[in-house]
There are 2 protein chains.
Amino acid sequence: MKLREFENIKFTDGGVCAAKGFRANGIQCGLAHSGASVTKKKNDLALIVSDKECTAAAVYTTNKVKGAPIIVTKEHIRNGRARAVIVNSVNANTCNADGVEKAEMMCRLAAKELGIDENDVIVASTGVIGQILPIEPIAGGMKELAEGLTYDGNPRAVEAIMTTDTMPKEVAVQFEMGGKTCTMGGMLKGSGMIHPNMATTLTFITTDADISAELLQRALSDVVKVTLNRVSVDGDTSTNDMVCVLASGTAENIPVTKENADFEMFRNALYALMMNLARMMARDGEGATKLIECAVSGADTDKTAEIVAKSVITSSLFKAAMFGEDANWGRILCAVGYADAEFDINEVNVKIGSEKGFIDVCKNGAGVEFSEEKAKEILGEEVIEIIISIGNGGGKAVCWGCDLTYDYVKINGDYRS
Amino acid sequence: MKLREFENIKFTDGGVCAAKGFRANGIQCGLAHSGASVTKKKNDLALIVSDKECTAAAVYTTNKVKGAPIIVTKEHIRNGRARAVIVNSVNANTCNADGVEKAEMMCRLAAKELGIDENDVIVASTGVIGQILPIEPIAGGMKELAEGLTYDGNPRAVEAIMTTDTMPKEVAVQFEMGGKTCTMGGMLKGSGMIHPNMATTLTFITTDADISAELLQRALSDVVKVTLNRVSVDGDTSTNDMVCVLASGTAENIPVTKENADFEMFRNALYALMMNLARMMARDGEGATKLIECAVSGADTDKTAEIVAKSVITSSLFKAAMFGEDANWGRILCAVGYADAEFDINEVNVKIGSEKGFIDVCKNGAGVEFSEEKAKEILGEEVIEIIISIGNGGGKAVCWGCDLTYDYVKINGDYRS
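Residues numbered from 1 in each chain as written. Chains lettered and ligands numbered in written order. Predicted model: local features only at pLDDT ≥ 70, side-chain atom pairs only at ≥ 80, totals over all residues. Heavy atoms only, no water.

1. Quick look at the packing of helix H7 (residues 302–313) of chain B against helix H9 (residues 329–338) of chain B
Residue and element names in this part refer to chain B. This is how it is decided: Simply put, an axis is a line fit to the C-alpha atoms, just over the touching stretch for a helix, and the angle between two N-to-C directions goes from 0 to 180 degrees. Strands are runs of DSSP state E lasting at least two residues, helices are runs of H or I lasting at least four, and both sets are numbered from the N terminus onward. Oblique is the label for any angle not under 35 degrees, not over 145, and not in the 65 to 115 range, which are roughly parallel, roughly antiparallel and roughly perpendicular in turn. Note on convention: near helix rotated counterclockwise from far helix by under a right angle means a left-handed crossing. Clockwise means right-handed. We call two residues contacting when some pair of their heavy atoms lies within 4.5 Å. Under the convention adopted here, Pro, Cys and the residues Ala, Val, Leu, Ile, Met, Phe, Trp and Tyr are nonpolar, Asp, Glu, Lys and Arg are charged, and Gly plus all remaining residues are polar.
Contact geometry for H7 and H9: axes closest at 8 Å, N-to-C directions at 135°. One element, H7, and the other, H9, form an angle in the oblique class. Both H7 and H9 take part in a crossing whose hand is right-handed. Along the contact surface, H7 presents Val308, Ser311 and Val312, while H9 presents Ile332, Ala335, Val336 and Tyr338. Taken together, the residues that form the contact of H7 with H9 break down as six nonpolar, one polar and no charged.

2. What to know about unusual backbone geometry
Although it is not a glycine, Asn364 of chain A sits at a positive phi angle of roughly 50°. Note on placement: Asn364 of chain A falls in the loop between strand E12 (357–363) and strand E13 (366–367).

3. Quick notes on the pattern of salt bridges
Here is the rule we go by: Salt bridges, as used here, are contacts in which a Lys or Arg side-chain nitrogen is within 4 Å of a carboxyl oxygen on Asp or Glu.
The full count for this structure, using the stated rule, is 47 salt bridges over all chains. The network of salt bridges with common partners includes Arg230, Lys303, Glu306 and Lys310 of chain A.

4. Examining the sheet that holds strand E14 (residues 383–389) of chain A
Residue and element names in this part refer to chain A. To keep things clear, this is the line we draw: Strand pairing is assigned whenever DSSP detects at least two bridges linking the two strands.
Across the sheet, which stays open at both edges, the six strands sit in the order E13-E12-E11-E14-E10-E15 with mixed pairing between neighbours. Looking along the sheet, the strands with just one partner apiece sit at the ends: E13 and strand E15 (395–402). Sheet topology places strand E11 (residues 349–354) next to E12; five bridges connect them, and they run antiparallel. Within E12, the position partnered with Ile352 by the bridge is Ile359.

5. Focus on the environment of Ile116 of chain A
Residue and element names in this part refer to chain A. To keep it simple, the criterion reads: Here the term buried applies to any residue with accessible area under 20% of the maximum for its type, exposed to any over 50%, and partly exposed to those in between, with areas from a 1.4 Å probe on protein chains only.
Turning to its location among the elements, Ile116 is positioned in the loop between helix H2 (99–114) and strand E5 (121–125). When its relative accessible area of 15% is taken as the criterion, Ile116 is described as buried. If we skip the residues at most four places from it in the chain, Ile116 touches Arg83, Ala84, Ala111 and Val121.

6. Focus: the nonpolar core
All names here are of chain A. Inclusion rule: Take the buried residues of types Ala, Val, Leu, Ile, Met, Phe, Trp, Tyr and Cys, join any two whose side-chain atoms come within 4.5 Å, and each joined set is a nonpolar core.
Grouped together as the largest cluster of nonpolar side chains are 44 residues, with contacts concentrated most on Phe175, Phe266, Leu270 and Met274. Elements supplying a minimum of two residues to this core: strand E3 (45–60), strand E6 (170–177), strand E7 (180–188), helix H5 (213–226), strand E9 (242–247) and helix H6 (261–283). Broken down by element, the residue count for this core peaks at 14 residues, all from H6.

7. Observations regarding the sheet that holds strand E12 (residues 357–363) of chain B
Residue and element names in this part refer to chain B. Taken in spatial order, the six strands make up an open sheet running E13-E12-E11-E14-E10-E15, and their pairing is mixed. At either margin of the open sheet sits one strand with a lone partner, and together these are strand E13 (366–367) and strand E15 (395–402). Where strand E10 (residues 291–299) lies against strand E14 (residues 383–389), seven bridges are found, and the strand directions are parallel. The partner of Glu293 across the bridge, within E14, is Glu385.

Okay, structure coming up:
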């Protein structure tokens, strides 16, 4: 799947190590849980560290059930500063009485090995909920993990956060701010576990841009709303979602401390990065064979457009039809119709498209004749676009989802052990 | 699956013909749509008629896209009276420019054959959205349909509204009001089409009780909220949902015209009927192998309890785990946690049960030890109960769903033609 291009933003390699001064590593420390029947040989513990202290920002899951690492990370970046990230897969360290204690131990172990303050460490976990996190493998592996840190260690780190992901998800971008070239890179894990128990998203982003913690947080909060918050694989909000950004200032741009043109540039770059990560995540949703991009325009507000687009991409019936490559526009209109938003259904138009072209399937709320053959050709592609207009307003939104397949049921219906 | 029993209410046979003075029939008139590759030999047109005029009430889908029959039925029962129901499957008569005209023609054709006023006819359709309804098969079959009406014709009628339903869904109850025995019977279609395009529910109920149109509507509106509105197969609200009740007064009870004890009795009977139909619908949801009953208590309000219970039964991850017979309580807690309602997650307790017994899996928001073997035995049953308490409030609700299976994807991923 091609990356979506943006003006003034160049893609580059290196993921979380793309920006100057960031090292990373990933190892298999051996966290496989007790119920596991098959232990895939893959990394399960990652470390990212910046050569100098960074400003930091994060956004967390809104689930009332929160993983212990989230509680600890929130506390650690309260001062807007951080320098390292320690993250494990396999076990979510959630709903455990000793969860916070274990998450703090992970920070302490990493900090000791790196010679930094444990309060400068961000911690994250993903995996099965409600199983005690064994700290021994993490403690035992920390020395090797830290010693193996390199400025090109991103492939080992991204592997450590992968679960049922069928491909690693990394993007890095370069952009100019005040005559200086800045770099930003990120990695994301998709939905699934080796022994799948939840659709968890963790995203880690590093940049050498110089930006205040306050504006870093503002940019991140803005961009999350229109990227990660607009993706649905199965409608389940996880307990451990977290996205965080570290900004080191090594690029030596004029520090971004207010909402000026440089801030706009930074936010655009973050959008380009996270939007592409979001598309990769949807494309690689559990069992998915296709990315579905649904764009709604003509709404009274962006919020209304988002509600309608989300209603379409979360409809199980629509998703199953996409798997079947069936231009069943009735299901799209049905999902538009039950969206909890105000608009006139008689003004709804729907187009279906892909690299093979676009066709109108519905105008003014009623079906129009179209070539089923052409529709089949369009829907045979990997990236499907659903273009909906619902009136004459200026509100618009794009949301991303995937098809619903046998493999989704297989992955999630399999018994844990 | 056994019917759920209620005090002072007796189950009986006969479906929509159980109450005195109601005849029904169903025929195959030949509505198979153009894209159909396999035409299952089954009835597709049903008629229900009362010997005397009835009070009538109905509740409709809230989807902005409304089937034409809904528009016509609303108009016809505006005066609170009706005498017959004409209903077809295969074609939803929705999103068609001539939809209302065709729905009116169906009423006129039935009325003419029955010698009644066309405004006394309720019309309903279910099937593919956006295909023109051919009126010829309906016109051609109407004479045979009317001539074949009998006081035990309910099996032919219920077959005509079945689509991918794997079993007919009928319930009838008897109860006493003011010393008279009253009877009430109903039929419902589950989620799916021969060439499945939407999860549509149609429910038709007849009774010989004497009750004013106003109180009939009140009872129906109350009961729908806690039965049909608490079922989710796949979260898709259809465009053609309709439930209607005809009450003939033939039982000669003291007419129910105010909210007295008789009204309570009537409403309880309607609840017993519709709750059992709702359970049958969830059990027979597309591809389902299990009925999932989720009861939430201890909420501040019934609404809060309902939001939490719905969050659980609509979680794809939870539903897939139920298919896998996996006591993955983490997914239940996760769905409880992202429910849009106020409560303390640390007060949440979860039990899983069935005819094989009950086990605690989560107390005060954290996991408790349980026998996986016992859990497996419990989850091997056809009816699974998830019992959740979320605090000390008096609010409670029960919702019904089903597991998510390969067959759901198969049924809905198949191409229409």
